[in-house]
Amino acid sequence: MTVIEISKRWSVGRELCERPCRFNELRRAIPAVTQKSLSATLRRLERNGIVEREVLGSRPVAVEYRITALGKTMREPVDVLLARAAAQMPQIEQARARYDAQ
């Protein structure tokens, strides 16, 4: 998994570290993510034990997502990695440009 992929996935985790959210709340909080991508990301995070999903007994039925204890332990190291990637973004963009030019 690349730093960019971690960044996309952890955007969801960061939101859930603040408070539990419903799907559409997450979509509004992370406008760059598509519905399909958010859904797939939440499934992967749930499968890996990072996020848990709770079906609420309201009408209509709603689903709320929250970060797990395991997910919370990953916040600090991922934040450090993302900060490092942000600092290196000019080099990453140069590498992409060289690659795309081939």
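In this text, all values refer to a predicted model and were calculated from it rather than measured experimentally. Numbering of residues starts from 1 in every chain and runs along the sequence as written. Confidence filtering applies because this is a predicted model: local features only for residues at pLDDT of at least 70, side-chain atom pairs given and counted only at 80 or more, and all residues used for totals across whole chains, interfaces and linings. Values reported for side chains reflect all heavy atoms of the structure, with hydrogen atoms and water molecules removed beforehand.

Focus on the side chain of Thr 68
No. 1: Relative to the elements of secondary structure, Thr 68 occurs in the loop between β3 (62–67) and α4 (69–73).
No. 2: Using a relative accessible area of 14% as the deciding quantity, one classes Thr 68 as buried.
No. 3: Residue contacts are counted whenever heavy atoms from the two residues lie within 4.5 Å of one another. Filtering out sequence-adjacent residues up to four positions away, Thr 68 remains in contact with Gly 49, Ile 50, Val 51 and Glu 52. Per the convention used, a helix needs a DSSP run of H or I reaching at least four residues, while a strand needs a run of E reaching at least two, with both numbered from the N terminus. Burial classes follow relative accessibility: with a 1.4 Å probe on protein chains only, a residue under 20% of its type's maximum area counts as buried, one over 50% as exposed, and anything between as partly exposed.

What to know about the sheet that holds β3
No. 1: Taken in spatial order, the 3 strands make up an open sheet running β1-β3-β2, and their pairing is antiparallel. Edge strands, defined here as strands with exactly one partner in the open sheet, are β1 (21–22) and β2 (51–56).
No. 2: The pairing criterion is simple: DSSP has to find at least two bridges between the two strands. As paired strands, β1 and β3 are joined by 2 bridges and run antiparallel to one another. Among the inter-strand pairings, Cys 21 is bridged to a residue of β3, identified as Tyr 65.

Focus: the packing of helix α5 (residues 75–87) against helix α6 (residues 89–101)
No. 1: Two numbers describe how α5 lies on α6: the axes approach to 4 Å, and their chain directions differ by 65 degrees. Of the residues in α6, those touching α5 at Ala 85, Ala 86 and Ala 87 are Met 89, Pro 90, Gln 91 and Ile 92.
No. 2: Residue polarity is assigned by list, with Asp, Glu, Lys and Arg as charged and Ala, Val, Leu, Ile, Met, Phe, Trp, Tyr, Cys and Pro as nonpolar; anything else, Gly included, falls into the polar class. For the contact of α5 with α6, the residue count by class is 6 nonpolar, 1 polar and no charged. Fitting a line to C-alpha atoms yields each axis, with helices limited to the stretch in contact; the angle taken between N-to-C directions then spans 0 to 180 degrees.

Digging into the pairing of β2
No. 1: Of the pairings in the sheet, the one linking β2 to β3 comprises 6 bridges and is antiparallel in character. Bridged to Val 55 within β3 is Val 63.
No. 2: Taking the residues that link successive antiparallel strands as the turn, the β2-β3 hairpin has 5 residues.

A short note on the confidence of the model for the protein chain
No. 1: Known as pLDDT, the predictor's per-residue confidence is scaled from 0 to 100. Residues of the protein chain with pLDDT of at least 70 account for 90%, and the chain-wide mean is 84.
No. 2: Within the protein chain, helix α1 (residues 3–18) has the poorest average pLDDT of any element, 68, and β2 the best, 92.

Focus on the pattern of salt bridges
No. 1: Every case where a carboxyl oxygen of Asp or Glu lies within 4 Å of a side-chain nitrogen of Lys or Arg is listed as a salt bridge. One pass over the structure, following the stated rule, counts 6 salt bridges.
No. 2: Note that Glu 18 and Arg 75 form a salt bridge whose closest N and O atoms lie 3.2 Å from each other. With Glu 18 in helix α1 and Arg 75 in helix α5, this pair connects stretches of sequence that are 57 residues apart.
No. 3: A salt bridge links Asp 79 to Arg 75, with the nearest nitrogen and oxygen atoms 3.5 Å apart. With Asp 79 and Arg 75 both in helix α5 and 4 residues apart, the pair spans about one turn of that helix.
No. 4: Classification of Asp 79 by relative accessible area gives partly exposed; the value is 22%.
No. 5: Overall, Arg 75 belongs to the partly exposed group, its relative accessible area being 28%.
No. 6: Here the salt bridges do not stand alone but share partners, grouping Glu 52, Glu 54, Glu 64 and Arg 66 into one network.

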